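Descriptive analysis of the structure
This is what each chain is made of:
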Amino acid sequence: VLPVEGVIAKRANMFMDISGGVSTELLGRDLQAALADPQVHSIILAVDSPGGTVDGTQALASIIRAGNAQKPIVTLASGLIASAAYWLGSAGSAVYIADKTTVSGSIGVVASHTDYSKARADRGITVTEITAGKYKRIASDNSPLSKEGKAHMQAQVDYYYSLLVDAVAEHRGVSTEAVLAQMADGQTFIGQQGIDAGLVDGIQTMAQIVAALNADYAASLADTNYQRGS
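Every residue gets a number counted from 1 within its own chain, in the order that chain's sequence is written. Thresholds applied to this predicted model are a pLDDT of at least 70 for local features of residues and 80 or more for the giving and counting of side-chain atom pairs; totals over whole chains, interfaces and linings are not thresholded and use all residues. Each side-chain value is derived from all of the structure's non-hydrogen atoms; neither hydrogens nor water enter the calculation.

Per the secondary structure count, the chain includes 9 helices and 9 strands. On the principal axes, the C-alpha backbone points of the chain span a range of 80 × 35 × 30 Å. The classification of residues rests on relative accessible area computed with a 1.4 Å probe and restricted to protein chains. Under 20% of the type maximum is buried, over 50% is exposed, and intermediate values are partly exposed. A burial count over the chain gives 34% of its 230 residues as buried. Within the chain, counting contacts between residues at least 6 apart in sequence, those at least 24 apart form 68% of the total. Each accessible area value is a Shrake-Rupley result obtained with a 1.4 Å probe; residue values ignore everything except the protein chains displayed when judging cover. As displayed, the chain offers around 12900 Å² of accessible surface, 54% of which is attributable to carbon and sulfur atoms. Treating the 16 positive side-chain charges of the chain as one cloud and the 22 negative ones as another, the clouds have centres 8 Å apart. Numbering of helices and strands starts at the N terminus; helices are DSSP runs of H or I of at least 4 residues and strands are runs of E of at least 2. Residue contacts are counted whenever heavy atoms from the two residues lie within 4.5 Å of one another. For the purpose of charge, His is not counted, nor are the chain termini; Lys and Arg are scored as positive and Asp and Glu as negative. Charge coordinates come from a single atom per side chain, which is NZ of Lys, CZ of Arg, CG of Asp or CD of Glu.

Glancing now at unusual backbone geometry. A positive phi angle, close to 55°, is found at S83, a residue other than glycine. On the basis of relative accessibility, which here comes to 15%, the residue S83 falls in the buried class. Even without being a glycine, R137 presents a positive backbone phi close to 60°. Mapped onto the fold, R137 is located in the loop between α5 (117–122) and α6 (147–172). On the basis of relative accessible area, R137 is assigned to the partly exposed category, the value being 42%.

This next bit is on the side chain of S83. Among the structural elements, S83 can be located in the loop between β5 (73–82) and α4 (84–89). Beyond its immediate chain neighbours, meaning those up to four positions away, S83 contacts P50, G51, G105, S106 and G108.

The set of buried Ala, Val, Leu, Ile, Met, Phe, Trp, Tyr and Cys residues whose side-chain atoms join them within 4.5 Å is what this entry labels a nonpolar core. One finds L31, I43, L45, I64 and I107 to be the most contacted residues of the largest nonpolar core, which totals 38 residues. For this core, the secondary-structure elements that each account for two or more residues are β1 (2–5), α2 (24–36), β4 (43–49), α3 (57–67), β5, α4, β6 (94–97) and α6. When near neighbours in sequence (up to four residues on either side) are disregarded, I64 contacts L31, L45, I73, L88, A91 and G92. By size, the runner-up hydrophobic cluster in this structure holds 6 residues, among which are V74, L76, A94 and I209.

Once that is clear, we can look at α2. What a helix should span is 1.5 Å times the count of its residues minus one. Between its first and last C-alpha atoms α2 spans 18 Å; for 13 residues at 1.5 Å apiece the expected length is 18 Å, and the two agree. Taken together, the buried positions of α2 are occupied by T24, L27, G28, L31, A34 and L35. For α2, the buried positions fall inside an angular range of 125° around the axis, keeping them on one side. The exposed set on the far side of α2, more than 90 degrees from its buried face, consists of R29 and A36. Those residues of α2 that are buried lie in contact with β1, β2 (8–9), β3 (22–23), β4, α3 and β5. This arc corresponds to the set of directions leading from the helix axis out to the C-beta atoms.

A separate point is the pattern of salt bridges. Counted as salt bridges are all cases of a side-chain nitrogen of Lys or Arg within 4 Å of a carboxyl oxygen of Asp or Glu. Taken as a whole and assessed by the stated rule, the structure comprises 8 salt bridges. With its nearest N and O atoms 3.6 Å apart, the salt bridge here joins R137 to D141. Judged by its relative accessible area of 23%, D141 is partly exposed. Note that D201 is salt-bridged to R172, the shortest N-O span being 2.9 Å. Placement of D201 in the loop between α8 (192–197) and β9 (202–203) and of R172 in helix α6 is noted, with a sequence separation of 29 residues between them. Residue D201 is classed as partly exposed on the basis of its relative accessible area of 40%.

A word on the environment of G105. Structurally, the position occupied by G105 is in strand β7 (residues 103–105). C-alpha of G105 to C-alpha of A184: the two residues are 79 residues apart in sequence and 7.4 Å apart in space. In this structure, G105 is in contact with I81, A82, S83, Y86, Q187, F189 and L199, ignoring residues within four places of it in sequence.

Quick look at the environment of D99 now. Mapped onto the elements, D99 comes out in the loop between β6 and β7. For D99, a relative accessible area of 30% gives the class partly exposed. Placed 106 residues apart in sequence, D99 and T205 show a C-alpha to C-alpha distance of 7.7 Å. Leaving out residues up to four positions away in the same chain, D99 has contacts with G191 and I203.

This is the structure we're talking about:
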């Protein structure tokens, strides 16, 4: 059982040590170790996360997706599986929620621009930026966001969004159009709503999933032994 709890970022830092969180690099390392461990026959991603950064998420989702070919990787969300956390969780062979109050979805991308120019001017600070390249510092925090800067940021957000939508479509085995129409408008879904939207496969407890995975493994061993005997 690999915990995926808290805000997701590429690398662990001091804030994570204090407040918790998920490093995609460290989780990827632990997942690879579990895949290579002969004593591990199945993997559960235990998710309770609002999501996090784009950087690192796609790479880890690809590892999870490829890992399904080696061993069953099942996602169980308890509380929240949203945004980047859903990107990761949906890469498993199945996605379950632990109860009728667990929230799924929030499929979308957000970027923000903060303008500090007035605050700096009030302190008597003036920043002059010398740039080369049309888009260099086009959305600088030393000036209000320009029309061009906003358009540039919007284009980046839209591109990230297309990657997320395509990934969810692949993971859930549906069309991109279905994801856009039913899952990926940024809203969240509570319990059964997530199942109805196609984000979730059902409601299962940790004990039920463990029992099912153990039973599947035992059945596969019995089948292998039977084939050897025949």
